[in-house]
Amino acid sequence: MRSLITKDSIARIAVVVIVVGFLLHGAWRYFELYEKGKIGEEKIGALQQSLIINQKILDSKIKENQDLSEALSSEQGKNRLFENQISGLQGAVNSISGTVSVLDKLRKTDPELLKKYSKVYFLSENYFPSQLSLIDSGYLNTPSKQEYFHTQALPFLTRMVEAAKGDGVALKIISAFRSFDEQAAVKSGYKIVYGSGANKFSADQGYSEHQLGTTCDFTTSELGSNFSKFGSTAAYKWLQENAYKFGFELSYPKGNTYYQYEPWHWRFVGVALAIKLHSDGKNFYDLTQREIDQYLVSIFD
């Protein structure tokens, strides 16, 4: 028996054992990899299924977001529409409020203040300005005499006289408010001296701008009560160039058809109207009463 087992046999057996071992190991590795592959395929399948599900969820969310975005855009459009409607209503309310305010302001403003009285409109003996205030005696030609001016127009007069003083021009007020009776007395005095000629430079009672309390006759310290030469003074030149800034205008310039040229006679008509007249190169009596009345609401602005 021992003689039958040779070295070659042992070698062949060893080779067979090794080959079988390799085959068995290979088979085991194949089976192991196969099992892992199946598990991997199952995981891949599960992942693919999960991806499909997640994609559907994502698509659903995207669609939901699109719907929400469209709904939001629609609501924003409605809100803008409501805002525009509210804005329009607010504008209408503001417009109505502004109109009411203007009407209330007009109701509280004396409608006589911008009437054309020189031989046109008439103020009765019962008319009296709603408010009159005493003019500072420092502005008067005769400080001992009391002169009155419309209370709301007085600040404009004061600022004008002070501005002139700042420019080296000393304006003096020789006459301001006159009642119906005072104007009658003035006119009677002129008639005694000048007869019917007085009508060329003095208004009858009820037709005088002085009765409004918004008119002044100016002079200078040098001229005093002899103000007929006021038109040749630096004070008159200053008024021509600056009075409109304070709401005053010359009532009877050269060439007017009402009275003779009165460079001393200035009437407060409000800054807006005075600027309009100055820029257009017109006089108060050049405008129609309808044009003038538009400025009544802003006369004291």
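Residues numbered from 1 in each chain as written. Predicted model: local features only at pLDDT ≥ 70, side-chain atom pairs only at ≥ 80, totals over all residues. Heavy atoms only, no water.

J.: Kindly report on the overall build of the chain, identifying the contributing residues and their values.
T.: Helices and strands together make up the secondary structure of the chain, namely six helices and six strands. Overall, the chain shows an N-to-C arrangement of helices and strands of α-β-β-α-β-α-β-α-β-β-α-α. Among the 301 residues that make up the chain, the fraction classed as buried is 34%. Within the chain, counting contacts between residues at least 6 apart in sequence, those at least 24 apart form 68% of the total. Per element, the accessible surface of the chain, about 18,700 Å² overall, is 58% carbon and sulfur. (Helix = DSSP H or I, 4+ residues; strand = E, 2+ residues; numbered from the N terminus. Buried < 20%, exposed > 50% of the residue type's maximum accessible area, 1.4 Å probe, protein only. Contact = heavy atoms within 4.5 Å. Areas by Shrake-Rupley, 256 points an atom, 1.4 Å probe, with all protein chains shown as cover.)

J.: Go over the pairing of strand β4 (residues 215-219) with me, naming the residues and quoting the values.
T.: Counting buried positions over the five residues of β4 gives five, a clear majority of the element. Along β4, one buried face is formed by T215, D217 and T219 and the opposite face, lined by C216 and F218, is buried too. Where strand β3 (residues 172-175) and β4 come together, three bridges link them in antiparallel fashion. Each bridged residue has a counterpart across the sheet, and for S175 the counterpart in β4 is D217. Pairing geometry for β4 and strand β6 (residues 265-268), over three bridges, is antiparallel. If you follow D217 over to β6, its bridge partner there is H265. (Pairing = 2+ DSSP bridges.)

J.: Now, about the nonpolar core: what can you tell me, with residues and values included?
T.: In this structure, F149, L157, F218 and F248 are the most contacted members of the largest nonpolar core, which totals 53 residues. Sorting the residues of this core by element identifies α2 (154-166), β3, β4, α4 (234-242), β5 (248-250), β6 and α5 (271-280) as the ones contributing at least two each. Top element by residues in this core is α2. It accounts for six residues. (Core = buried A, V, L, I, M, F, W, Y, C linked by side-chain atoms within 4.5 Å.)

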